[in-house]
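# Residue-level structure breakdown
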Amino acid sequence: MTPKQLEDQQIKINELVEKTAYCAGLANDCLLPIYDGIADEQAYLKSKPKVAWVLKEPYDDISQNTNKPEGGGWSLPKDCFKKDDAWKNPVWQKIAYIMYAFRKHMRWEDMKNISDEPQMINVIYEVAYINISKMPNKKTSDSRYIEQQYANVWQSVIKKQLAVYDPDIIIFGNTFNCFLNDPKGNIFKDACKDEKLSKKLTEKGGWSVDYLRCGRKRLISAYHPARKGPDYCIALIDALNLAEKELKAYLTPGP
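To continue, consider the overall build of the protein. In terms of helices and strands, the protein carries 8 helices and 9 strands. Put simply, 73% of the contacts in the protein that link residues at least 6 apart link residues at least 24 apart. In the form shown here, the protein has an accessible surface area of approximately 12,700 Å², with 47% of it arising from carbon and sulfur atoms. Counting 38 positive and 34 negative side-chain charges, the protein places the averaged centre of each group 4 Å from the other.

Given below as structure tokens:
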């Protein structure tokens, strides 16, 4: 796939997101979807291995009159990732630390603080950033609600995104249950968990980390990156390094 083809596919996915939101009765004049995906198509296609993060849901404004979410109609990767202050977002910070260390083959303790080197955030341009729910909500997410949104609204959209982006490694931020409990089924239900490695990564990170193999894909099921510390990041860096080593024979040069 070329960057232009991926860009065209992303436009079609955004159209599907909007259509799905309106058909489900979620979108209206005051509330629109927040689009996700890839900030830089060329950088994503060139990255080896290609990495996707699957998180819960975005947020925007809260109405002072109704205390309900409002806003949307914009793209996280296209409109926000390249802002000068993007590095201040705590979730993107954690993803940037993890991906930067992984791409640069660095140890956690050797990295600078992102406040001293804000350009570190640029590494998130090359990830596929996918939210389960595409509608703005409050900053704190309910996992059961996210599973319901996946099963009842967004399942086909998420599967389309994963098929188009075709990542080699997928990191689930407390979202893997959406796929395990998928009433319609998906390929990830057949993934094989490495109990020994998962235990080792969990002990290192202090938070549950599951390492799974699904054909030529590697799945990392972990907690959401918000409010997590260095040990969490170190465990995911280790998991990515392990996945890259296992997948090396399958990875081909990008365009």
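Moving on to the packing of helix α7 (residues 195–205) against helix α8 (residues 230–247). It is at 7 Å that the axes of α7 and α8 come closest, and there the two elements cross at 150°. If you check the angle between α7 and α8, you find them roughly antiparallel. Contacts between α7 and α8 involve Leu 197, Leu 201, Lys 204 and Gly 205 on the former and, on the latter, Asp 231, Tyr 232, Ile 234, Ala 235, Asp 238, Ala 239 and Leu 242.

This part takes up α8. Under the 1.5 Å per step criterion, the end-to-end length of α8 is 26 Å for 18 residues, consistent within 8% with the ideal 26 Å. For α8, every residue scored as buried is listed here: Tyr 232, Cys 233, Ala 235, Leu 236, Ile 237, Ala 239, Leu 240, Ala 243, Glu 244 and Leu 247. The inward-facing, buried residues of α8 contact β2 (51–55), α4 (90–104), β6 (169–173), α7, β8 (210–214) and β9 (217–222).

Between helix α1 (residues 3–23) and helix α5 (residues 143–165), the shortest axis-to-axis distance is 10 Å and the interhelical angle comes to 175°. With respect to their mutual orientation, α1 and α5 come out roughly antiparallel. Here Leu 6, Gln 9, Gln 10, Ile 13, Leu 16, Val 17, Thr 20 and Ala 21 of α1 come into contact with α5, specifically with Val 153, Trp 154, Val 157, Lys 160, Gln 161, Val 164 and Tyr 165. For the contact of α1 with α5, the residue count by class is 10 nonpolar, 4 polar and 1 charged.

An ideal rise of 1.5 Å per residue puts 21 Å on 15 residues; α4 measures up with 21 Å between its terminal C-alpha atoms. Most of α4 is tucked away, with 13 of its 15 residues classed as buried. Structurally, the start of α4 carries an N-cap: the backbone nitrogen of Val 91 is 3.0 Å from a side-chain oxygen of Asn 89. His 105 lies just past α4 and shows a positive phi near 55°.

Here is what the cut-offs are and how they apply
Residues numbered from 1 in each chain as written. Predicted model: local features only at pLDDT ≥ 70, side-chain atom pairs only at ≥ 80, totals over all residues. Heavy atoms only, no water. Helix = DSSP H or I, 4+ residues; strand = E, 2+ residues; numbered from the N terminus. Contact = heavy atoms within 4.5 Å. Areas by Shrake-Rupley, 256 points an atom, 1.4 Å probe, with all protein chains shown as cover. Lys, Arg positive; Asp, Glu negative; His and termini not counted. Charge placed at Lys NZ, Arg CZ, Asp CG, Glu CD. Axes fitted to C-alpha atoms, helices over the stretch in contact; angles between N-to-C directions. Parallel < 35°, antiparallel > 145°, perpendicular 65-115°, else oblique. Expected span 1.5 Å × (residues − 1). Buried < 20%, exposed > 50% of the residue type's maximum accessible area, 1.4 Å probe, protein only. Nonpolar A, V, L, I, M, F, W, Y, C, P; charged D, E, K, R; others polar. Polar contact = N/O pair within 3.5 Å; in protein donor to acceptor, adjacent residues only side chain to side chain.

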